[in-house]
Amino acid sequence: MAAVTGVALVGAGYWGQRLARNLASASGCELRVVCDHHAERARAVVDAFGGMPASSLTDALTDDAVGAVVLATPSATHASLVTEALASSRHVLVEKPLASCAADAALLAARAAERGLVVMCDQTYRFAPAVAAIGARLADPAFGPLMWVESCRTNRGHDQPDVDVFWDLAYHDLAIVDAVVPAGLRGTVEVSATAQDVRGRGRAHCGELTLDFAAGPRARITVDWHAATKLRAMRFASAAHEVTWDDADVPVVRHDERAVPVAAAEPLAAVVAEFLAAVAERRPATCGPAQELPILIVLAAASESAAHGGTPVPVDLADRAGGPADDDTAVVA
């Protein structure tokens, strides 16, 4: 019989509830504990999807049948909670970002490698069927060299309490670019960003991020928490062809204005399935620190550029295949 992984879910809010639903229905998984500081919220998820409620990860880790931890908590808590889970020899799936800076993420990757544990980052869009369809078209030699990427991602009055709009929204676009652009987030990149905090909350609520690849396309990402409409639109263009994606309502991918068939599958279900498979098969996950670190490096450069009025900040992602990020996670011996 296939091994069953006992899971502790930490965070029973909006995203935690979606994770709980997918964990409860996933093959090879037993949702054993649901943690949340709000007891009623944890109880509601337990009543719907199973397990036992707990108030903290520390309490959940007293259950020896818990082999993995899934985190859906505020960004500022991620590094400490991942550290606690790894110290107890548990595998980890964590909502983005893995940590608040690349240095902390690299340290977590090294700790996981030392213990032979899987650390996977919930870059949900990497698992979207539309992203796979886009990547296939950009990889086709007939498309030609990619010259331009444009993205607009906006919310209507929804923000985050502990990160700015780049770390919240542009993160997704960077993950998509890394997934579909043939070379990914590699090489030398010049990062420029401008941002505004007209609401006086101490963090940017809208801005524009530009990436100029030394050997690759130019990408411009526009993000806004408080736009008039919710938008999820991307455009990828070569000299003669373009692929567009509108994901605000029903996902639509077009290649030179022709509709592209896209499978109807929930990306988060694929995230959970990949994490459980990596744990069961004792191998690195396909979306771990190696995919996370370049995004965090670019976001840090964007923050620096925005703080200096848009001054370009060069970053070198050429060493992505070296250091702690090389392994993604260590394969368990």
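Presented here is an overview of the structure given in this document. These numbers were taken from a predicted model, which means no experiment stands behind them.

Rules used in this analysis
- Residues numbered from 1 in each chain as written.
- Predicted model: local features only at pLDDT ≥ 70, side-chain atom pairs only at ≥ 80, totals over all residues.
- Heavy atoms only, no water.
- Axes fitted to C-alpha atoms, helices over the stretch in contact; angles between N-to-C directions.
- Helix = DSSP H or I, 4+ residues; strand = E, 2+ residues; numbered from the N terminus.
- Parallel < 35°, antiparallel > 145°, perpendicular 65-115°, else oblique.
- Left-handed = near helix turned anticlockwise from the far one by under 90°.
- Contact = heavy atoms within 4.5 Å.
- Nonpolar A, V, L, I, M, F, W, Y, C, P; charged D, E, K, R; others polar.
- Salt bridge = Lys/Arg side-chain N within 4 Å of Asp/Glu carboxyl O.
- Buried < 20%, exposed > 50% of the residue type's maximum accessible area, 1.4 Å probe, protein only.
- Core = buried A, V, L, I, M, F, W, Y, C linked by side-chain atoms within 4.5 Å.
- Pairing = 2+ DSSP bridges.

**Considering the packing of helix H6 (residues 129–139) against helix H7 (residues 165–180)**
Interaxial distance between H6 and H7 falls to 9 Å at its minimum, and their mutual angle equals 45°. Considered as vectors, H6 and H7 are oriented oblique to each other. Both H6 and H7 take part in a crossing whose hand is right-handed. Contact residues: Val131, Ile134, Gly135 and Leu138 in H6; Ile176, Ala179 and Val180 in H7. A per-class count over the contact of H6 with H7 returns six nonpolar, one polar and no charged.

**With respect to the side chain of asparagine 22**
For asparagine 22, the location among the structural elements is in helix H1 (residues 14–25). Apart from the residues within four sequence positions on either side, asparagine 22 is in contact with Glu266, Leu268, Ala269 and Val272.

**Regarding the pattern of salt bridges**
Two side chains that carry opposite charge are able to pair once their charged atoms sit near each other. Using the criterion set out here, one finds 15 salt bridges in the structure. Its salt-bridge partner being glutamate 266, residue arginine 18 comes within 3.5 Å of it at the nearest N-O pair. Separated by 248 residues along the polypeptide, arginine 18 in helix H1 and glutamate 266 in the loop between strand E14 (258–260) and helix H8 (267–281) bring together distant segments of the chain. With a relative accessible area of 26%, arginine 18 lands in the partly exposed category. A salt bridge links aspartate 47 to arginine 43; the shortest N-O distance between them is 3.5 Å.

**Structural notes on the nonpolar core**
Counting residues in hydrophobic clusters, the biggest one holds 78 residues, and the most contacted among them are Leu174, Leu209, Leu211, Phe236 and Trp245. Top element by residues in this core is H7. It accounts for 11 residues. Core analysis: the next-biggest nonpolar cluster, separate from the first, contains 30 residues, Trp15, Ala26, Ala72 and Leu93 among them.

**A closer look at the environment of phenylalanine 166**
Here phenylalanine 166 lies in helix H7. In the structure, phenylalanine 166 is positioned 43 residues away from leucine 209 in sequence and 8.0 Å away in space, judged by C-alpha atoms. Each residue touching phenylalanine 166, except ones within four places of it in the same chain, is listed here: Tyr171, Ala193, Thr194, Ala195, Gly207, Glu208, Leu209, Val223 and Leu299.

**A short note on the sheet that holds strand E13 (residues 252–255)**
If you trace the nine strands from one edge of the open sheet to the other, you get E14-E13-E12-E11-E7-E10-E9-E8-E15, paired in mixed fashion. The sheet is open, and its two borders are formed by E14 and strand E15 (313–316), each paired with just one other strand. Shown here is a sheet whose adjacent strand axes are inclined to one another by a mean of 20°, direction ignored. Pairing of strand E9 (residues 206–213) with strand E10 (residues 218–224), which is carried by seven bridges, proceeds in the antiparallel orientation. Its bridge partner lying in E10, glycine 207 is registered against valine 223. Packing against the sheet, H6 makes contact with strand E11 (226–237), strand E12 (242–246), E13 and E14, and its axis sits at approximately 175° to E12. Contacts from helix H9 (residues 289–307) reach strand E8 (188–196), E9 and E15, with the element oriented near 50° to E8.

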